[in-house]
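# Commentary on secondary and tertiary structure
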Amino acid sequence: KVVKKAARKAKRAVKKATRRAKVKKAAGKGKESGKKVVKKVKARKAVRQALYILRGDLGEDVFETAGDDEVRIAPERLWCDVPAFLGAVRSGKPEEALELYHGDLMPGFFVPDGGAGYEQWLEEERGRLRTLAAKAAWDLAEGAERNRKSGPATTWGRKALALTHDDETSLR
């Protein structure tokens, strides 16, 4: 019993000493408090663990890193509809943009304890993308109307109204 107890204490002491050494090394000449450095060390570890899991699921070449501070998704390795949608909008291709838009961004997605900041960002992003899709539909409706194509003008107008159902100006 005594040996086991001593081993546990030694293990804890080694862990504490290692953590202190990391904190001192990261803190350098005392520019940051120990608590801030510990938080940074923990955050970096969490990011490394998440990247390890994601690389296992998605493939090693999906993420590109530059040093310890930069990670980005390799766009040629992982396709996502939002950047494709935004590219079509920027390129003036409203029909292509609307083919890519399938409704609100990540509907039903919820992060437990994600904080109000994340929820607010997600709602704002949903609104921004919906507004861009509605504008694309209005542009197509107006173009069809100018070309005296009432069928497509009506179709695109209805699509735009569906995307802006709470916008009184659009309804008029």
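Residues numbered from 1 in each chain as written. Predicted model: local features only at pLDDT ≥ 70, side-chain atom pairs only at ≥ 80, totals over all residues. Heavy atoms only, no water.

### Regarding the overall build of the chain
Helix and strand counts for the chain come out as seven helices and two strands. Moving toward the C terminus, one meets the helices and strands of the chain in the order α-α-β-β-α-α-α-α-α. Looking at the chain residue by residue over its 172 residues, the buried ones come to 22%. When contacts within the chain are restricted to residue pairs at least 6 apart in sequence, long-range pairs at least 24 apart make up 33% of them. Surface accessibility of the chain: about 13,600 Å² in total, with carbon and sulfur atoms responsible for 55%. (Helix = DSSP H or I, 4+ residues; strand = E, 2+ residues; numbered from the N terminus. Buried < 20%, exposed > 50% of the residue type's maximum accessible area, 1.4 Å probe, protein only. Contact = heavy atoms within 4.5 Å. Areas by Shrake-Rupley, 256 points an atom, 1.4 Å probe, with all protein chains shown as cover.)

### Considerations on the environment of Asp69
Along the chain, Asp69 turns up in the loop between strand E1 (63-66) and strand E2 (70-73). Judged by relative accessible area, Asp69 falls into the exposed class, the value being 63%. In this structure, the C-alpha to C-alpha distance between Asp69 and Arg44, residues 25 residues apart in sequence, is 9.0 Å.

### Comments concerning the environment of Trp79
Mapped onto the fold, Trp79 is located in the loop between E2 and helix H3 (81-90). Look past the residues within four positions of Trp79 in its chain and what remains in contact with it is Ala84 and Leu100.

### Some points on helix H6 (residues 150-163)
The terminal C-alpha atoms of H6, which comprises 14 residues, lie 20 Å apart, in line with the 20 Å expected from a rise of 1.5 Å per residue. Residues of H6 that are buried: Ala153, Trp156, Gly157, Ala160 and Leu163. For H6, the buried positions fall inside an angular range of 120° around the axis, keeping them on one side. In this structure, H6 carries Ser150, Arg158 and Ala162 as exposed residues pointing more than 90 degrees from its buried face. (Expected span 1.5 Å × (residues − 1). Arc of directions from axis to C-beta.)

### Considerations on a nonpolar patch on the surface
Taken together, Leu54, Leu58, Ile73 and Leu78 make up a surface patch of nonpolar side chains, about 300 Å² in accessible area. Locating Ile73 in the fold gives a position in strand E2. (Patch = residues over 30% accessible without salt bridge, like charges linked within 9 Å, V, L, I, M, F, W, Y side chains within 5 Å. Salt bridge = Lys/Arg side-chain N within 4 Å of Asp/Glu carboxyl O.)

### Regarding the nonpolar core
In this structure, Phe85, Leu98, Tyr101, Leu129, Ala133 and Leu163 are the most contacted members of the largest nonpolar core, which totals 20 residues. At the level of secondary structure, the elements contributing two or more residues to this core comprise H3, helix H4 (94-100), helix H5 (115-146) and H6. (Core = buried A, V, L, I, M, F, W, Y, C linked by side-chain atoms within 4.5 Å.)

### Observations concerning H3
Among the residues of H3, Val82, Phe85, Leu86 and Ala88 are the ones counted as buried. Projection of H3 onto a plane perpendicular to its axis shows the buried side chains occupying an angular sector of 160°, all on one side. Downstream of H3 by a residue or two, Gly92 has a phi angle that is positive, lying close to 70°.

### Observations regarding the side chain of Thr164
With respect to the helices, strands and loops of the structure, Thr164 is situated in the loop between H6 and helix H7 (168-171). Polar side-chain contacts of Thr164 include one of 2.9 Å to the backbone oxygen of Ala160. (Polar contact = N/O pair within 3.5 Å; in protein donor to acceptor, adjacent residues only side chain to side chain.)

### Some words on the packing of aromatic side chains
Under the counting rule described, the total for this entry stands at three aromatic pairs. For the ring pair Phe85 and Tyr101, a centre distance of 5.6 Å and an interplane angle of 45° mean the geometry is tilted. Note that Phe85 is positioned in helix H3 and Tyr101 in the loop between H4 and H5, a separation of 16 residues in sequence. These aromatic residues form a ring-pair network of at least three members: Phe109, Tyr118 and Trp121. (Phe/Tyr/Trp six-rings, centres within 6.5 Å; stacked < 30°, edge-to-face > 60°.)

Everything listed is a geometric property; what it means functionally is a separate question.
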